[in-house]
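A closer look at the structure
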Amino acid sequence: ALVPELNANDIEEMMFVLKKEKENLVIVRSLIPTKIQLYHHILTQLEALDAGEAELVAWCDAGDGMLGGFKLTGSKDHLMGELEQHRNYFNKTINIQAMLQSKNNVFQSMVKNTEGKEGIDIIELRSRMDRLNERFANTIDTSKQVELRLNDALKCWLRFQEGQNRVMKWIQ
């Protein structure tokens, strides 16, 4: 009903616009399966990051709590007990570090997969990973400092006992 009222140029222009819109729809339609696959892949990776993040944070919390509870003073036996407790807990560091590296690898894969893609914002995820890496590094640094101080305190006890033995021998 509209065609007889329009001139040939208007009809040609409308047909050109319809053709362009159809081409755009075909392109969009062809991208849908690819986008769905990408989103499913990203969702799987995000779930993997979330699962490991909680475990890593819990390990750091427990380690920081234990380190904060150390007095770094007291008898030789007390200091040896604290050092043993420290070593027993932090001997898992390699496993936890491997888990963190695995999470970093998953994150880097996500960055690579989302680079240049519209509608995918990973800024918040990047800051979460930065915080997690920083938290782990801080826990490990504190652990090393506490271990060093415990070893120094035990060396002081050893030197004290050696000096005490020399004095006792000299007195006898």
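The following paragraphs examine the structure supplied in this document. These numbers were taken from a predicted model, which means no experiment stands behind them.

What counts and what doesn't
Residues numbered from 1 in each chain as written. Predicted model: local features only at pLDDT ≥ 70, side-chain atom pairs only at ≥ 80, totals over all residues. Heavy atoms only, no water. Salt bridge = Lys/Arg side-chain N within 4 Å of Asp/Glu carboxyl O. Helix = DSSP H or I, 4+ residues; strand = E, 2+ residues; numbered from the N terminus. Expected span 1.5 Å × (residues − 1). Buried < 20%, exposed > 50% of the residue type's maximum accessible area, 1.4 Å probe, protein only. Arc of directions from axis to C-beta. Contact = heavy atoms within 4.5 Å. Core = buried A, V, L, I, M, F, W, Y, C linked by side-chain atoms within 4.5 Å. Phe/Tyr/Trp six-rings, centres within 6.5 Å; stacked < 30°, edge-to-face > 60°. Axes fitted to C-alpha atoms, helices over the stretch in contact; angles between N-to-C directions. Parallel < 35°, antiparallel > 145°, perpendicular 65-115°, else oblique. Left-handed = near helix turned anticlockwise from the far one by under 90°. Nonpolar A, V, L, I, M, F, W, Y, C, P; charged D, E, K, R; others polar.

**So, the pattern of salt bridges**
Opposite charge on two side chains makes pairing possible when the charged atoms of those side chains draw close. Under the definition given, this model contains seven salt bridges. As a salt-bridge pair, Asp 64 and Arg 135 come within 3.0 Å of each other at their nearest N and O atoms. Taken as a pair, Asp 64 in helix H1 (residues 8-69) and Arg 135 in helix H4 (residues 123-171) lie far apart in primary sequence, 71 residues in all. Put simply, Asp 50, Glu 53 and Arg 128 are held in one network by salt bridges that share partners.

**Side note on helix H3 (residues 93-114)**
Residue pairs three or four apart in sequence face the same way in an α-helix, which turns once every 3.6 residues. Its 22 residues place the ends of H3 31 Å apart at the C-alpha level, agreeing with the 32 Å of an ideal helix rising 1.5 Å per residue. Taken residue by residue, H3 has Thr 93, Ile 96, Met 99, Leu 100, Lys 103, Asn 104, Phe 107, Met 110, Val 111 and Thr 114 as its buried positions. All buried residues of H3 project into a common sector of 140° when viewed along the axis, lining one side. Set apart from the buried face of H3 by more than 90 degrees, the exposed residues are Ile 94, Asn 95 and Lys 112. The inward-facing, buried residues of H3 abut H1, helix H2 (76-90) and H4. Downstream of H3 by one or two residues, Gly 116 has phi in the positive range, about 80°.

**A word on the nonpolar core**
By size, the foremost hydrophobic cluster in this structure holds 30 residues, and its most contacted members are Trp 59, Phe 70, Phe 136 and Leu 150. Elements that contribute at least two residues to this core include exactly H1, H2, H3 and H4.

**What about the packing of aromatic side chains?**
If you walk through the whole model with that rule in mind, you get five aromatic pairs. Their ring planes at 80° and their centres at 5.2 Å tell us that Tyr 89 and Phe 90 sit as a pair that is edge-to-face. For Phe 90, a relative accessible area of 9% gives the class buried. With a centroid separation of 5.7 Å and 90° between ring planes, the pair formed by Trp 157 and Phe 160 is classed as edge-to-face. With Trp 157 and Phe 160 both in helix H4 and three residues apart, the pair spans about one turn of that helix. Judged by relative accessible area, Trp 157 falls into the partly exposed class, the value being 27%. Members of the aromatic cluster, connected to one another through ring pairs, are Trp 59, Tyr 89, Phe 90 and Phe 136.

**Brief notes about the packing of H1 against H4**
Where H1 meets H4, the closest approach of the two axes is 10 Å, and the angle between their N-to-C directions is 30°. Taken together, the axes of H1 and H4 lie roughly parallel to each other. As H1 packs across H4, the resulting crossing turns out to be left-handed. Touching Leu 46, Leu 49, Asp 50, Glu 53, Leu 56, Val 57, Trp 59, Cys 60, Asp 61, Asp 64 and Leu 67 of H1 are Leu 125, Arg 128, Met 129, Leu 132, Arg 135, Phe 136, Thr 139, Ile 140, Thr 142, Ser 143 and Val 146, all from H4. Classifying every residue of the contact of H1 with H4 gives 13 nonpolar, three polar and six charged.

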